[in-house]
Amino acid sequence: GVDVLMKHLLDHMPEDSDFSVLLHGRQSLSYLDPHALFYIILPVLLYEGASGMPWHVLRKVLPSSILLAGPGVVLNLVLTGTISMSFLVDSAGNALPWKVAFLLATIL
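Since this is a predicted model, take the numbers as computed values, not measurements.

### Some remarks on the environment of M85
- By secondary structure assignment, the location of M85 is in helix α4 (residues 55–87).
- The sequence separation of M85 and A101 amounts to 16 residues, and the corresponding C-alpha distance is 5.3 Å.
- Contacts of M85, omitting those with residues within four sequence positions, involve A95, L96, W98 and A101.

### A closer look at the confidence of the model for the protein
- Summary statistics for the protein give a mean pLDDT of 80 and a share of 79% for residues scoring 70 or more.
- Helix α1 (residues 2–11) is the least confidently modelled element of the protein, averaging 65 in pLDDT, while α4 averages 90, the highest of any element.

### Notes on the side chain of S84
- Within the secondary structure, S84 is located in helix α4.
- Looking at S84, the relative accessible area reads 8%, which means it is buried.
- The contacts of S84, once residues within four sequence positions are left out, are L96, A101 and L104.

Cut-offs and rules
Residues numbered from 1 in each chain as written. Predicted model: local features only at pLDDT ≥ 70, side-chain atom pairs only at ≥ 80, totals over all residues. Heavy atoms only, no water. Helix = DSSP H or I, 4+ residues; strand = E, 2+ residues; numbered from the N terminus. Contact = heavy atoms within 4.5 Å. pLDDT = per-residue confidence, 0-100. Buried < 20%, exposed > 50% of the residue type's maximum accessible area, 1.4 Å probe, protein only.

Laid out in structure tokens, this is it:
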């Protein structure tokens with residue numbers, strides 16, 4: 001679909017056009033493995049963010065970070081699952097089952 005449209009646009013566009021350069025870049029990126037982004041770019045971003053943080057700031061925010069990463073996520077899961085089970089109904093008018101409500105909560 002998209003690749004056919006892009007090939008058609010590239011065939012009918014002058015080579016020196018700025019839009020042509022953009023389309024060539026988009027077309028070459030479409031062949032990039034999506035996992036490569038996570039293996040190449042994400043570690044660099046995480047390292048850059050962690051290496052620039054002073055130790056005293058990390059020690060100051062570590063307890064709240066651990067609290068949000070553990071019990072905060074579980075509390076959010078329970079509240080979102082319970083609320084979604086209470087307010088969302090299927091086509092027959094029945095409430096969502098617990099499993100479906102908590103699955104929705106984990107996605108949200």
